[in-house]
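Chain residues, written in single-letter form:
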Amino acid sequence: MTKLRAAITSVHGYVPEYVLSNQELETMVDTNDEWITTRTGIKERRILKGEGLASSDLGVGAIEGLLHKRGIAAEEIDCIICATATPDMMFPSTACIIADKIGAKNAFAYDLMAACSGFLFSIATASKYIETGDYKKIIVVGADKMSSIVDYTDRQTCIIFGDGAGAVLLEPNKDGLGVQDSIMKSNGEGRHFLRMTGGGSYRPASKETIKNKEHFIHQEGQTVFKFAVKGMADVSGEIMERNNLKGEDIAWLVPHQANKRIIDATANRMGVGMDKVMLNIQRYGNTTNGTIPLCLWEWENQLNKGDNLILAAFGGGFTWGSIYLKWAYDNK
Ligand code: UT7
């Protein structure tokens, strides 16, 4: 009997309207378009403006589009996993808030926190639920309002991040399509180099945490860069080797969009030309858990049933990993 696999059957993305360009950043911090473009590949990013709007609203935008496209009601969803590093609040989970907002009354919902690898880890987790046969429709949504934790006086981080969300629907597939393999890794020694210390149980919010800017992202860029290049390239190479895949077998590399130079190195290691790499960092920057599904959404029309895709991510923790999947539908 063919193994039951979890296949993506619909994808949708959502980005807020406001465009924060490199030119506007030049008026805010000591930076310039040329530096940002050559060091990161980013030209602009989106920012969610408006009182009371949060990561859940980005997630809802993505999921509502997805349900509409797939032609199903929210009540049919069994489970919602929200990958986010910027939850609406410490608790309840953003996934529960999203489920309520969209009317997914029959779903259980929870958040998964693995920084920029959260979406990838969530797909790996959700695919196991589907493979048991117990669940038929699972939504994985990556949603981050990164602007809520970015210090717009810190030129090392404010140029990188943007807001956005993307969602996929996973359903059972008996034709050999869908998630074939996944590798997930973490190393907590990396926690010192990319972190937000304030607001948790370690450093609850206080006048001091605010004064010390502990409610913002702190990143030692060069250190993270070195680990990211090696981590993402190594894990992508590993998943190809153990599935006997060569560069020419890969239809698309779908990398986390943190820095174009990290993506170039990963593609190079895999023997995949840049014409097979999904790249939209220039328009959205690093949307953390939104990057991979936003790519899938934008490239959906170019994907063919049976295409081999490698998803790859690296993020805070450190966390990193890759997924090998066979695309399950034509959308032309
Ligand atoms: O998604 C989660 C994982 N995160 C990542 O993968 C991010 C990994 N890191 C990076 O992408 C890069 O390290 C950054 C984009 C954050 C920084 O690029 P870099 O090439 O590593 O720059 P750097 O930190 O080594 O700084 C080089 C120079 C420094 O000046 P000096 O000391 O050489 O005079 C910085 O002060 O560039 C300066 N600099 C800037 N200049 C203009 C740093 N930020 C800026 C800026 N504009 N925004």
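Residues numbered from 1 in each chain as written. Predicted model: local features only at pLDDT ≥ 70, side-chain atom pairs only at ≥ 80, totals over all residues. Heavy atoms only, no water.

**Q** An account of the site of the ligand is requested, with residue identities and associated values reported.
**A** Taken together, the neighbourhood of the ligand is formed by 23 residues, with Thr31, Arg39, Gln222, Asn259 and Asn286 sitting nearest. At 3.2 Å, a side-chain N or O of Gln219 approaches a nitrogen atom of the ligand. In this structure, His256 approaches the ligand through a side-chain N or O atom, which is 3.0 Å from an oxygen atom. Taken by itself the ligand offers 950 Å² of open surface, and the protein chains cover 76% of this. Listing elements by their share of the shell around the ligand, those giving two or more residues are helix H2 (33-40), helix H8 (221-242) and helix H9 (260-270). Sort the elements by how many residues they give to the shell around the ligand and H8 lands first, with five residues. Looking at the shell around the ligand residue by residue, the class counts come to eleven nonpolar, eight polar and four charged. For the shell around the ligand, the domains that each give at least three residues are domain 1 (5-176) and domain 2 (180-326). (Near = heavy atom within 4 Å. Polar contact = N/O pair within 3.5 Å; in protein donor to acceptor, adjacent residues only side chain to side chain. Areas by Shrake-Rupley, 256 points an atom, 1.4 Å probe, with all protein chains shown as cover. Helix = DSSP H or I, 4+ residues; strand = E, 2+ residues; numbered from the N terminus. Nonpolar A, V, L, I, M, F, W, Y, C, P; charged D, E, K, R; others polar. Domains from an automatic or database assignment.)

**Q** Which residues make up the sheet that holds strand S7 (residues 163-173), and what values do they have?
**A** With mixed pairing, the five strands of this open sheet are ordered in space as S1-S7-S6-S4-S5. The outermost strands of the open sheet, each flanked by one partner alone, are strand S1 (5-14) and strand S5 (108-112). When strand polarity is set aside, the average angle formed by the axes of neighbouring strands in this sheet is 20°. Strand direction decides the pairing type here: S1 and S7, joined by nine bridges, are antiparallel. Bridged to His12 within S7 is Ala167. Along the sheet, helix H3 (residues 55-70) contacts S1, strand S6 (138-145) and S7; its crossing angle with S1, the most-contacted strand, is approximately 120°. (Pairing = 2+ DSSP bridges. Axes fitted to C-alpha atoms, helices over the stretch in contact; angles between N-to-C directions. Contact = heavy atoms within 4.5 Å.)

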